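Listed here are the chains, written in short residue letters.
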Amino acid sequence: MATRVFEGRRGRVVVTTRARPGALTVRIAGHSDRHGTVHDQTYRLVGTGPADGAAGDRDGPAPGLHLVVPPRGRLIDLRGHPGALEVAAEDAVQVLEPARRAAALADVGRAVLAEVTAAAGRCGIALPEHPAAVGVAGVVGAAGLPMLRAALDAGAGPLATVPRWAVEPLAAPTARAAMLQAAGRAGTSRRSIAALAAALVPGVAGDGEPEPVVEAWQGTDRRGAVALFPLALVLMARDVLDPDRLARVLAPGLAASPPGSWPTVDEVELARRWLPRWGAARATTVLRDAATRPDGPILLADTVLLHRAVVLAGVVPTDIGRLASRLGPLHDQLLAHLPADPVTPADGPAALRGTTLHDRPRPAHHAPARRAPAGRGPERPPLLPPPARVAAPLPPAPEEPDIALDGATPLRFPAEILRLHGRTVGSLRIVVPRTAFDLRHWGRSLGNCIGLYAGRAAAGATWLLGVEREGRLHYAVEIHPDRWVRQFVGPRNAPPDVAEGAAVLDILVDEGVIPRRAAVLPQR
C-alpha cells in the first residue's frame, strides 16, 4: 500500500493505493482541518489475476474500473466514464485554498498515474504501452475496454466519457469480435474489420509532432481522441449494409468530429430502424457523407428525425418524390416537406424527440358503424373526446452571459453537482451534462428548449441535471445557484411522476445540493 499527502493551509488531500491479486483500490480523500469535512471517493479495478488465472472477485462485476460509493460500497461501472478519477480529485481538492487547487490537482494526477501504473502490473491488469502518454483517463479506459486500449496504443488520445452504445463493442478482445458485436456476423469481413480498426484512430494532430500538455490527467501528448462516430455508423447500418458497403463508409478520409457531437443511444437506435427505408445504395452514400463532414453526426441525426417526422405527419412518398442521395440535399428535402403543424399536439413534432423512439407508426383504427337497435330512436352521437392536454412550454431561457459558445464548450458546475453523475435510485440514474452538445441532445430527446441554457450553464449561472430511466433520458432538472429547484420536467415539459421526483429530490438533499426546505417539485 502506498500513500501520498498533499498539504494546504486549510486541509490536505490523501491518495492511497493498494494492490492485491486481481484488484487495485485507489482512494482519493480531501480532509478539511477547519471543519472536519472529508471528501472521499474509492475506486477499484477488477481484472485478471496472476499467471495461475486466479481472479480477485469471481462473483464481482465485469473487468474494468468500478466506483465504490461509500459507505455501503455500492459499485458503479465506470467503463463508460474513464475521466471519473479526475472528477473525484476535483472534489477532493476543494478542501484546499483556491490558489492551491490547480497545482494540487496536477500533483494528484501524477501520483495516481504513477501508483496505478506500478500496481496494475502486479494485479495482472492490462495497461496501454505508454501510460504517461495517455494519462489517467487513458489508463482507466484501457483497463476494461481492450479495443480502446488498442486504439490508444496505435496513437489515439483518451476519452473522458465513452457513450453507452460503444461500451460493449470496445469491451471485445479483438477487432473481429468488436465488429461482430456491432454489425453481426453478416457485416463482418476482413476488409470491414480492418476499416473499423483503422477508423478508431484519428492520427496525431498538427504536423505529427506531439505537443506537451501540463495536465497529468490528459497525458503528455496532444493526440486526437479515439474516434467513435465510425463505430456509431456501423451500429446504425448493421441491418442494411453488407461488409463491402460498410468498408466503403469507413474508408480513409474521415473527418474529425468532437465527442460532444456523437449520437445518443436514442439516435443510434432510431437510425438503425429507419435507414432500411433509404435502401443500401443511398444509405452508403449518406453515411459516407456523414463520416467525411465535421458536422456529419448532428446533420445525420437531424435527417433521420426529419424523415420520421415527415412520415408520421402523413406525407406520402409521392409528395416527397425520389429521395436525394447525398446527406445535405436529403436533409433539406425532408425539411421542406415537414408541415408547420403536422399532427395533433399529443403526437406532435416534440413527441418525435421524446422517449418513444421504438414506437412504430400505426395505422388509424376505424371502428365499424353501429346501427340503432330496432324500435329505438337514432343512436346518440358519441361524446366529444376531451381536449388534448398540452404541457406548458419552458419559459424563455434567461439572457445568456456574454460568453463564446460552441458545441464543445464545457459547462461549469460545482463539485456537489459533478459527483451526482451516475447516482442511481431504483430504475433512475442521474447524469450531468458536460458540454453544450450534451444539452442540445437533451433538448432534442425531451422536446424542449433546454439546449438554450448552455450559455448560462457555461458561465456557472445555472445548474442542470438529467435523470435517465432504463438508459434513456426522461427528466431534466434546473437548479438555481441559490439552491432551489427552478424546473423539473419530463418529455414535452410534462410534470414528473411524484414518487420519482421525490426520490431525486431526496438525493439532492442528501448530497447537500439543496436544503430540505427546498425539496419541493416546482408547480407549473
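Here, the structure is the one placed above.
Residues numbered from 1 in each chain as written. Predicted model: local features only at pLDDT ≥ 70, side-chain atom pairs only at ≥ 80, totals over all residues. Heavy atoms only, no water.

Asker: Sorry if this is basic, but what is going on with the packing of aromatic side chains here?
Answerer: Aromatic rings considered in pairs are described by the distance between their centres and by the relative angle of their planes. By the definition in use, this model includes one aromatic pair. Positioned above the aromatic ring of tryptophan 274, the side-chain terminus of arginine 277 is 3.9 Å from the ring centre. (Phe/Tyr/Trp six-rings, centres within 6.5 Å; stacked < 30°, edge-to-face > 60°. Lys NZ or Arg CZ within 6 Å of the ring centre and 35° of its normal.)

Asker: I keep staring at the nonpolar core and nothing clicks. Help me out?
Answerer: Buried together is how nonpolar side chains tend to be arranged in soluble globular proteins. Ranked by internal contacts, the top residues of the largest apolar core, which has 64 residues, are Trp165, Leu170, Val226, Leu228, Leu275 and Leu300. When residues in this core are grouped by element, the largest group, eight residues, is from helix α8 (residues 229-237). Those residues in contact with tryptophan 165, other than ones at most four positions away along the chain, are Leu228, Leu231, Ala232, Leu235, Trp262, Pro263, Thr264, Val265 and Val268. Listed in part, the 39 residues of the second largest apolar core include Phe413, Ile450, Val477 and Phe488. (Core = buried A, V, L, I, M, F, W, Y, C linked by side-chain atoms within 4.5 Å. Buried < 20%, exposed > 50% of the residue type's maximum accessible area, 1.4 Å probe, protein only. Helix = DSSP H or I, 4+ residues; strand = E, 2+ residues; numbered from the N terminus. Contact = heavy atoms within 4.5 Å.)

Asker: Got a minute to help me understand the environment of arginine 164 in this structure?
Answerer: With respect to the secondary-structure elements, arginine 164 resides in helix α5 (residues 164-170). What makes arginine 164 partly exposed here is its relative accessible area of 42%. Separated by 101 residues in sequence, arginine 164 and valine 265 have C-alpha atoms that sit 7.0 Å apart. Excluding residues within four positions of it along the chain, arginine 164 makes contact with Val265, Arg429, Glu468 and Gly471.

Asker: Quick question: what am I supposed to make of the pairing of strand β2 (residues 11-20) here?
Answerer: Each regular strand displays side chains that alternate between the two surfaces of the sheet. For strand β1 (residues 2-7) and β2, the ladder comprises six bridges, and the chain directions are antiparallel. Bridging from a neighbouring strand, phenylalanine 6 pairs with valine 13 of β2. Here β1 folds back onto β2, and the loop between the two strands holds three residues. Examined bridge by bridge, β2 and strand β3 (residues 23-32) share ten bridges and lie antiparallel to one another. By the bridge assignment, arginine 20 is partnered in β3 with alanine 23. (Pairing = 2+ DSSP bridges.)

Asker: Mind showing me how you'd approach the environment of arginine 419 here?
Answerer: Here arginine 419 lies in the loop between α15 (415-418) and β7 (424-425). Judged by relative accessible area, arginine 419 falls into the partly exposed class, the value being 24%. Distance in space between the C-alpha atoms of arginine 419 and alanine 88 is 7.3 Å, their sequence separation being 331 residues. Other than its neighbours up to four places away in sequence, arginine 419 contacts His39, Gln41, Asp91 and Glu511.

Asker: When you look at the sheet that holds β7 in this model, what are you seeing that I'm missing?
Answerer: By definition, the strands of a sheet pair up through backbone hydrogen bonds, in either a parallel or an antiparallel sense. Overall, antiparallel pairing links the five strands, which are arranged β7-β8-β9-β10-β11 in an open sheet. Taken across any chain shown, the strands that pair with only one partner, and hence form the sheet edges, are β7 and β11 (484-489). Taken together, the five bridges between strand β10 (residues 472-480) and β11 define a ladder with antiparallel strand orientation. Across the sheet, residue alanine 476 finds its bridge partner in β11, namely valine 489.

Nothing here speaks to function; it is all geometry.
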